[in-house]
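# A structural walkthrough
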Amino acid sequence: MMVETKTKSHLFTELQKQGIRDEKVLEAMDAIPREKFILPAFKDKAYANAALPIEKGQTISQPYIVAFMTEQLKITQKMKVLEIGTGSGYQAAILSKLCRRVFTVERHLQLLKAAEERFKKLHLYNITTLFGDGMRGWAEQAPFERIMVTAAAESIPEKLVDQLEHNGVMILPVGRQTGVQPLVRITRTNNHFEEEELIPTRFVPLLPGIDHNGD
Ligand code: SAH
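None of the values given here were measured: they were computed from a predicted structure.

### A look at the side chain of Q58
Mapped onto the elements of the fold, Q58 is located in the loop between β1 (52–53) and β2 (59–60). A distance of 3.0 Å separates a polar atom in the side chain of Q58 from the backbone oxygen of K56. Those residues in contact with Q58 that sit more than four places away from it in its chain are L52, P53, H108, L111 and V204.

Shown next, in the form of structure tokens:
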């Protein structure tokens, strides 16, 4: 316990040094135990500032990237947020502390089920999940004030942009697997879209369709 607490506070100092300033984001990261979202073999690395492997060849993002993307999304308490790529559920859990409702979509059923279990255990009741292809967004629940994609798209999925509310903001890594993927922020003002590149990142790919080999 002692070690874990120490490591966690060490991570927080590092995140602050790396420029994370939003107290609410740091509080959300403090409230969600990352060790509950990773494979048992990596428990001792729960509070290292690194991405870690999860099942199905996917990854849980580096804490700095989670904090940065969350901060850049500028979420407020009343918002409805869509996340594409539930994975372990960690990012969705962080978002759930900052907004009214989180909708999260995953194409691997096994990952989604494990994430749902974690949400239940942690009493995170404002997260709604969908097994499906996130490239198509979630039409029935649209529009969203904020959208975060946690897998790299080769180009910006148009259906997602369409599901962004007026004055909405979307953040996503864009690029091929062979290179660095800049994190892009899209801000919608009526029917005008402004695009900014934030930082270089590396994410697993955003793949079309659902995984048919899953259980
Ligand atoms: N946000 C996650 C990071 C997961 S890695 C976390 O906090 O752990 C990216 C995830 O995106 C993987 O689980 C992958 O299966 C999923 N993914 C990739 N393409 C997708 C798509 N089209 N629709 C839904 N999920 C997708």
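Let us keep going from here.
### Notes on the site of the ligand
As a matter of local geometry, the ligand sits amid 26 residues, with S88, E106, D133, G134 and L207 nearest to it. One of the side-chain N or O atoms of E106 is found 2.6 Å from an oxygen atom in the ligand. T150 is positioned with one of its side-chain polar atoms (N or O) 3.0 Å from a nitrogen atom of the ligand. Burial of the ligand by the surrounding chains reaches 100%, relative to a free accessible area of 580 Å². Of all the elements in the fold, those that place two or more residues in the shell around the ligand are β2, α4 (90–96) and β4 (101–106).

### So, the sheet that holds strand β3 (residues 80–84)
Taken in spatial order, the 7 strands make up an open sheet running β5-β4-β3-β6-β7-β8-β9, and their pairing is mixed. What marks the edges here is a single partner per strand, and that holds for β5 (127–131) and β9 (192–201). Going across the sheet, the axis of each strand differs from the next one's by a mean of 15 degrees, ignoring polarity. Lying over the sheet, helix α5 (residues 109–121) contacts β4 and β5, oriented at roughly 165 degrees with respect to β5.

### Observations regarding the pattern of salt bridges
Applying the stated rule across the entire model yields 5 salt bridges. The salt bridge involving K36 is made with E35; its shortest N-O contact spans 4.0 Å. Residue K120 pairs with E117 through a salt bridge whose shortest N-O separation is 3.7 Å. Of this pair, K120 and E117 both sit in helix α5, 3 residues apart, which is roughly one turn of that helix. Exposure remark for K120: the relative accessible area of 53% places this residue in the exposed category. The partly exposed category is assigned to E117, whose relative accessible area is 41%.

Reading guide: rules and limits
- Along every chain, residues carry numbers that run from 1 in the direction the sequence is written.
- Since the coordinates come from a predicted model, pLDDT governs what is reported: local features require at least 70, and pairs of side-chain atoms require 80 or more to be given and counted, while whole-chain, interface and lining totals use all residues.
- Only hydrogens and water are removed before side-chain values are computed, so all heavy atoms of the structure are retained for them.
- Helix and strand assignments follow DSSP, with helices taken as H or I runs no shorter than four residues and strands as E runs no shorter than two, numbered in order from the N terminus.
- Between N or O atoms, a polar contact is any pair within 3.5 Å; within protein, one atom must be a potential hydrogen donor and the other a potential acceptor, and residues adjacent in sequence are included only when both atoms are from side chains.
- Only heavy atoms matter for contacts: two residues are in contact if any of them lie within 4.5 Å across the pair.
- We call a residue near a molecule or strand whenever a single non-hydrogen atom of that residue lies within 4 Å of it.
- Calculation of accessible area relied on Shrake-Rupley with a 1.4 Å probe; when residues are assessed, cover is drawn exclusively from the protein chains displayed.
- Pairing between strands requires that DSSP locate at least two bridges from one strand to the other.
- As a rule, the C-alpha atoms of each element are fitted with a line to give its axis, helices using only the stretch in contact, and angles between N-to-C directions run from 0 to 180 degrees.
- Just to be clear on terms, a salt bridge is a Lys or Arg side-chain nitrogen sitting within 4 Å of an Asp or Glu carboxyl oxygen.
- Accessibility here uses a 1.4 Å probe with only protein chains present; expressed as a share of the type maximum, an area under 20% marks a residue as buried, one over 50% as exposed, and anything in between as partly exposed.

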